[in-house]
Amino acid sequence: MPRQLSWIARRALLVTALLLGLSPIAPAQAAPTPTVVAQAPSRGAEVVAVKQVADRLTDLTVRSQALGGRTVNVRLLTPDGWNPADRSQHWPTFWLLHGCCGDYTSWSGTDIATIPSLRKVLVVMPEAGWNGWYSDWWNYGAGGDPAWETFHTVELAHLLEHGWGASSNRVVAGLSMGGQGALLYAARHPGMFRAAAAYSGSAHPLLNDESINRIMGFFAGQGNDPLRVWGDPVAQRSIWAAHDPYYLAHRLKSLPVYLSCGDGTAGPFDPPGKTDALEADFNRQNHALAAELRQLGAKHLTTNFYGPGTHAWAYWQRELHASLPMLLQALHVNQR
């Protein structure tokens, strides 16, 4: 958007364009300096209900101060021998994040419960909002609800380690929005995760105009004001950069990182002729992040840019299996 327009005018143009289904004009690409915004202090979270939904599947209902006192759900896929009453237990912990338009149950539609090696770890599948983007929302500088990043990395991490068998030996993976979340959490919280994997993740939302416009469209989902999340991509550019894995690559270069994506054309799990502009965009973003990591000297980067493939669960389930050896090795879990 033209920089001479007032911030209010630019906001009005952007929101109007999104509501009409148009593509707002994105700013010229500058090389921003990421500013990792300090998290607001958290007063904690508490489990208010527990439900056994299936063998090895337990849902926790958690009241979160970071989410304004609201309750959200967290699904646990528990290891053999897990006993929450035994406070001495601390299992290797695998955080598995859902994508946009999904929820904490999303990964239960895959075969994770039947994977033998996952019987040795505690799998944490937290709610992250329909389009929460694993971020503490800017909210025009006011912060506050929703603060998903604080809920996950501060409140939930502490809660799970003090009563639900989690340990500080953690890895993280996710798809799409959750792929971005996995990379962000690993980068923004050094030492919290030993490895990260992103399947068709939004790995460089500031890549170009198309990428910016697309994520702003997601931000506007369910009638939301898109500027609440990270602000305006011009006026709050440092906040955008602080949530863009490409600009945080220097914090990821020493970690085992797994990146995978299709190119948006019909693959083995698609009907003939299908195309997917979202996957094609994320493919370009992942290639850019991989190139930046290599430029920075990353020695533990694994990529699977598998060519034909769309933004679909069949690929993400396959990529979870492909990345598990790396993730479990980082947890020092015997995979036999």
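Throughout this description, residue numbers start from 1 for each chain and increase along the sequence as written. Residues qualify for local features only when their pLDDT is at least 70, as the model is predicted, and side-chain atom pairs are given and counted only at 80 or more; totals for whole chains, interfaces and linings, by contrast, use all residues. Only hydrogens and water are set aside when side-chain values are computed; all heavy atoms of the structure are taken into account.

**Student:** Tell me what's going on with the pattern of salt bridges, and back it up with residues and numbers.
**Tutor:** Criterion for a salt bridge: a side-chain nitrogen of Lys or Arg within 4 Å of a carboxyl oxygen of Asp or Glu. According to the stated counting rule, one finds 10 salt bridges in the structure shown. The closest approach of N and O atoms between aspartate 59 and arginine 75, which form a salt bridge, is 2.7 Å. Of the two residues, aspartate 59 sits in strand β2 (residues 57–64) while arginine 75 sits in strand β3 (residues 71–77), which places them 16 residues apart along the sequence. Residue classification places aspartate 59 among the buried positions, given a relative accessible area of 7%. To qualify as a helix, a DSSP run of H or I must reach at least 4 residues; to qualify as a strand, a run of E must reach at least 2; elements of each kind are numbered from the N terminus. Exposure is judged per residue with a 1.4 Å probe applied to protein chains only, and the accessible area is read against the type maximum: over 50% gives exposed, under 20% gives buried, and values in between give partly exposed.

**Student:** So what about the confidence of the model for the protein? Which residues, and what values?
**Tutor:** Predictor confidence is given residue by residue as pLDDT, running from a minimum of 0 to a maximum of 100. Here the protein averages 90 in pLDDT, and 87% of its residues register 70 or above. The element-level mean pLDDT for the protein is lowest in helix α1 (residues 7–19), coming to 37, with strand β7 (residues 196–199) highest at 99. In this model residues 1–31 is a low-confidence stretch, pLDDT under 50, and it forms 52 contacts with partners more than four residues away in sequence or in other chains. Here residues 35–42 is a poorly scored stretch, pLDDT under 50, and it has 18 contacts once near neighbours within four places are set aside; other chains count. Any two residues having at least one pair of non-hydrogen atoms within 4.5 Å are treated as being in contact.

**Student:** Describe empty space enclosed by the protein, listing the residues and the values that go with them.
**Tutor:** Rolled over the atoms, a probe with the dimensions of a water molecule shows which regions are left empty. Cavities and pockets are defined on a 1 Å grid built over the protein atoms alone: a cavity is a set of grid points where a 1.4 Å probe fits but cannot escape, while a pocket is an open set with protein on both sides within 12 Å along at least five of seven lines, and lining residues are those with an atom within 4 Å of any such point. Grid points are joined across faces, edges and corners, and a volume is the space filled by probe spheres set on the points. If you walk through the whole model with that rule in mind, you get two cavities of 30 Å³ or more. If you add up the space inside the second largest cavity, you get close to 30 Å³. Lining the second largest cavity are Trp133, Ser202, Pro205, Ser211, Arg214, Ile215, Phe218, Phe282 and Gln285. Contributing elements (two or more residues each) for the lining of the second largest cavity: α4 (209–219) and α8 (277–295). Broken down by element, the lining of the second largest cavity gets its largest block of residues, four residues, from α4. Residue polarity is assigned by list, with Asp, Glu, Lys and Arg as charged and Ala, Val, Leu, Ile, Met, Phe, Trp, Tyr, Cys and Pro as nonpolar; anything else, Gly included, falls into the polar class. Residue classes in the lining of the second largest cavity are distributed as five nonpolar, three polar and one charged.

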